[in-house]
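Below, each chain spelled out in residue letters.
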Amino acid sequence: MTPDPITLEILFNGLRSVTDEAFIALTRSAYSTNIKERRDHSTAICDAEGRLIVQAENSMPIHLASMVGLMRAVLEKFGPDDIHDGDVFVANDPHVAGGTHLPDINLALPVFIDGKLSAFICNIAHHADVGGMVPGSMAGGMSEIYQEGLRIPAIKLFRRGEMQQDLFDLLLLNVRLPEERQGDYYAQIAACRLGARRLREIHAKHPAGLVDAAFRDIVARTERRMRDAIADIPDGVYRFEDVMDDDGLGTLDIPIKVCITVAGDRFLADFAGTAPQVRGNINVTMNATQAAVAYCLKAMLDPDIPNNQGVLDVCETVAPEGSLLNCVAPAPVAARAHTGQRIIDVVIGALADALPDAAVGAANGANTTAVFSGVDPATGRGYLYLETLGGGFGGRNDRDGTDGVQVHITNTSNLPVEVIETEYPLRVDSYGLIADSGGAGRYRGGMGIRRVIGPVGHDCIFNGAGERFRHRPWGIFGADPGASGRFARIDNDGAEQPLDIKPAGVTLAAGDRIVVETPGAGGYGPPESRAADAIARDAASGKFSPGYLRRYY
């Protein structure tokens with residue numbers, strides 16, 4: 001059975017509504033601010049073969065390949081004879097279960113129609129802590145994945161509808177703040193069940209087999225559309241390279257190199273020459289590398305293409321085994337999003353001359369992480385505040401870059417000051433954009449964020465992880481780079497002390513504060529070609545000093 005084009009479009013939008021509703025349900029029922037406020041989660045539908053069919057509109061691009069990785073691990077381990085109605089699978093491990101880092105907990109619930117497996121309802125949520133040697137499971141200084149937290153292979157959290165309580169107890173025993181983690185798990189389970197109920201309702205409205213046929217056609221249609229877009233890139237070989245600041249354990253200037261070959265409707269990104277995997281936790285598994293390349297190609301060629309298996313299938317991606325971008329166990333990977341952002345920078349850099357209207361200056365290139373943990377003096381209970389802060393987005397061919405946003409593969413929200421001070425014993429002294437941090441150009445780069453925050457009435461621990469703190473995000477086509485980021489500590493006397501790029505275990509006394517400054521972004525086109533009215537707006541906005549404007553314009 002093959003759906004006609006109109007029916008296929010109706011079914012596709014119905015499936016999107018299932019994932020969007022599940023996404024909202026997870027947002028509204030989660031316990032942690034990282035999920036309920038920052039929306040660091042994704043929902044999706046995969047078919048019985050484990051292929052990604054639909055991903056919710058607000059989902060994280062970096063989660064694209066994790067969904068498929070979980071499906072591959074489940075199907076290989078259990079096979080069709082040991083997947084039953086009422087099962088719920090859970091996993092997080094990057095090396096054996098298709099994840100990208102341990103805080104992202106993957107759940108999958110199989111959906112049976114008339115006794116036959118039709119699909120899986122999946123979601124991923126970033127839990128604020130999964131154990132390990134540091135609160136938040138995300139700081140620099142970790143040299144193997146065993147230090148990063150609890151590793152979960154593909155296992156059944158529910159068997160035929162029955163919670164495996166002893167297993168759940170084990171998961172909660174190995175994390176900080178188990179009540180919060182339990183609430184987030186329950187939210188994920190509820191979202192899976194809601195999605196399954198809605199998917200069964202769609203099946204009930206259509207002839208048997210039509211929805212499964214639509215799964216096939218949705219992927220095929222996406223692949224055709226993606227290949228048509230690739231065919232518009234001039235055939236050729238395109239190269240670019242950049243470096244990571246450091247790995248948090250002493251290795252500096254870690255190269256990432258790409259060679260892109262376009263031939264007709266075929267696209268190959270080869271990362272040969274990229275550094276070997278490093279001791280620090282900025283390594284990336286191959287599925288995360290592929291997700292970054294797929295995102296980049298979709299964004300540059302046809303942003304309206306839906307995220308599904310069809311996009312992944314046409315993005316041929318290779319990297320040497322044991323390299324930074326195709327690491328092997330026991331490589332640590334907690335800060336893999338920093339490297340994922342750099343993958344996107346180098347792919348954009350490589351394709352800039354071929355696709356000048358789609359290229360952008362380097363964005364902030366980071367997933368600047370700040371984690372505060374301690375004991376709330378008002379309640380005597382532990383707390384953990386985790387956030388990844390945005391920065392500048394690169395200048396484009398027709399407009400300035402956006403200020404103070406998450407970029408590319410990490411489209412989460414910035415946590416409001418009111419939420420921080422309500423939920424945690426912390427005070428935000430200041431929060432705003434950093435003057436002069438956007439790279440000058442015909443269209444300037446976006447600006448970074450500055451936040452000053454510290455504990456109230458107690459001591460606490462700060463852990464962080466930054467990138468683009470040593471190497472500024474480059475401009476494109478003659479534009480200037482954006483400003484770099486930094487961490488610093490301000491003590492009670494007002495003295496400021498610079499911190500490492502990836503600081504771990506920084507003790508703060510009551511009244512001490514942490515300064516987090518995220519990178520800006522590179523501009524687009526030579527500064528001397530910037531329009532006079534745009535310069536006047538810059539001057540009136542207060543975002544740029546007179547000295548900056550004189551220097552560049």
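The following refers to the structure shown. (Residues numbered from 1 in each chain as written. Predicted model: local features only at pLDDT ≥ 70, side-chain atom pairs only at ≥ 80, totals over all residues. Heavy atoms only, no water.)

## Structural notes on the overall build of the chain
A tally of helices and strands in the chain yields 12 helices and 20 strands. For the chain, whose C-alpha radius of gyration is 23 Å, the value lies close to the compact-globule estimate of 24 Å for 553 residues. If one aligns the C-alpha atoms of the chain with their principal axes, the spans along those axes are about 70 × 60 × 40 Å. Here the chain holds 553 residues, and 59% of them are scored as buried. Sequence-distant contacts, at least 24 apart, represent 72% of the contacts inside the chain between residues at least 6 apart. Of the side chains in the chain, 52 bear a positive and 71 a negative charge, and the two mean positions are spaced by 2 Å. (Helix = DSSP H or I, 4+ residues; strand = E, 2+ residues; numbered from the N terminus. Rg over C-alpha atoms; globule rule 2.2 N^0.38 Å. Buried < 20%, exposed > 50% of the residue type's maximum accessible area, 1.4 Å probe, protein only. Contact = heavy atoms within 4.5 Å. Lys, Arg positive; Asp, Glu negative; His and termini not counted. Charge placed at Lys NZ, Arg CZ, Asp CG, Glu CD.)

## Topic: the side chain of Arg468
Residue position: Arg468 is located in the loop between strand 16 (460-465) and strand 17 (486-490). Of note is the side chain of Arg468, whose polar atom sits 2.8 Å from the side chain of Asp242. (Polar contact = N/O pair within 3.5 Å; in protein donor to acceptor, adjacent residues only side chain to side chain.)

## Quick notes on the packing of aromatic side chains
Aromatic ring pairs are described here by two measures, namely the spacing of the ring centres and the angle between the planes. Counted under the stated rule, the structure contains 14 aromatic pairs. Judged by centre distance (5.3 Å) and plane angle (75°), the rings of Phe477 and Tyr524 are edge-to-face. One end of the pair, Phe477, is in the loop between strand 16 and strand 17; the other, Tyr524, is in the loop between strand 20 (513-517) and helix 11 (532-541), with 47 residues separating them in the sequence. On the accessibility criterion, Phe477 (32% relative accessible area) is partly exposed. Under the relative-accessibility criterion, Tyr524 is labelled buried at 5%. (Phe/Tyr/Trp six-rings, centres within 6.5 Å; stacked < 30°, edge-to-face > 60°.)

## Points about the pairing of strand 8 (residues 236-246)
Two faces belong to every sheet, and in a regular strand the side chains alternate between them. Here 10 bridges tie strand 8 to strand 9 (residues 252-263), and the two strands are oriented antiparallel to one another. Counterpart to Asp246 in the pairing with strand 9 is Leu252. Once strand 8 ends, the chain turns through five residues before running back antiparallel as strand 9, passing Gly248 with a positive phi of about 85°. (Pairing = 2+ DSSP bridges.)

## Quick word on the sheet that holds strand 12 (residues 368-375)
The antiparallel open sheet is built from four strands, whose spatial order is 13-12-16-19. Each having just a single partner strand, strand 13 (382-389) and strand 19 (506-508) make up the two edges of the open sheet. If you compare each strand with its neighbour and ignore which way they point, the axes differ by 20° on average. As paired strands, strand 12 and strand 16 are joined by six bridges and run antiparallel to one another. Its bridge partner lying in strand 16, Val371 is registered against Asn463. (Axes fitted to C-alpha atoms, helices over the stretch in contact; angles between N-to-C directions.)

## Digging into the sheet that holds strand 18 (residues 496-498)
If you walk across this open sheet you meet the five strands as 14-15-20-17-18, and the pairing is antiparallel. Taken across any chain shown, the strands that pair with only one partner, and hence form the sheet edges, are strand 14 (426-433) and strand 18. Ignoring strand direction, the axes of neighbouring strands in this sheet form an average angle of 20°. For strand 14 and strand 15 (residues 449-455), the ladder comprises seven bridges, and the chain directions are antiparallel. Looking at the pairing, Val428 lines up with Ile453 of strand 15.

## Comments concerning the environment of Asp246
Inspection of the secondary structure puts Asp246 in strand 8. For the pair Asp246 and Leu172, spaced 74 residues apart in sequence, the C-alpha separation works out to 33 Å. Here Asp246 is in contact with Thr251, Leu252, Ile254, Ile282, Glu467, Ile501 and Lys502, once residues within four sequence places are set aside. Here Gly248 takes part through its backbone nitrogen, which lies 3.4 Å from a polar atom of the side chain of Asp246. A polar contact of 2.7 Å, which involves the side chain of Asp246, links it to the side chain of Lys502.

## Digging into the environment of Asp357
Structurally, Asp357 can be placed in the loop between helix 9 (336-351) and strand 12. For Asp357, a relative accessible area of 57% puts it in the exposed group. Residues Asp357 and Asn397, spaced 40 residues apart in sequence, show a C-alpha to C-alpha distance of 5.5 Å.

## What about the side chain of Thr339?
Secondary-structure assignment places Thr339 in helix 9. In terms of polar contacts, Thr339 uses its side chain to reach the backbone carbonyl oxygen of Ile282, at 2.5 Å. In this view, Thr339 contacts Met244, Ile256, Ile282, Val284, Leu324 and Leu325; residues no more than four positions away in its chain are not counted.

## Details of unusual backbone geometry
Most peptide bonds are trans, and most residues other than glycine sit at a negative phi. Cis geometry marks the peptide bond from Ala329 to Pro330; its omega dihedral reads 5°. The phi dihedral of Asp114 falls on the positive side, at around 55°, and the residue is not glycine. Positionally, Asp114 belongs in the loop between strand 4 (104-113) and strand 5 (116-126). For Asp114, a relative accessible area of 76% corresponds to the exposed category.

## Looking at the nonpolar core
Nonpolar side chains in soluble globular proteins tend to be buried together. Formed by 81 residues in total, the largest nonpolar core has its most connected members in Phe120, Ile260, Phe267, Phe271, Val347 and Leu351. Residues within four places of Val347 in sequence aside, it is in contact with Ile260, Phe271, Val293 and Cys296. Ranked by size, the runner-up nonpolar core spans 44 residues in total, among them Val54, Val88, Leu171 and Tyr185. (Core = buried A, V, L, I, M, F, W, Y, C linked by side-chain atoms within 4.5 Å.)

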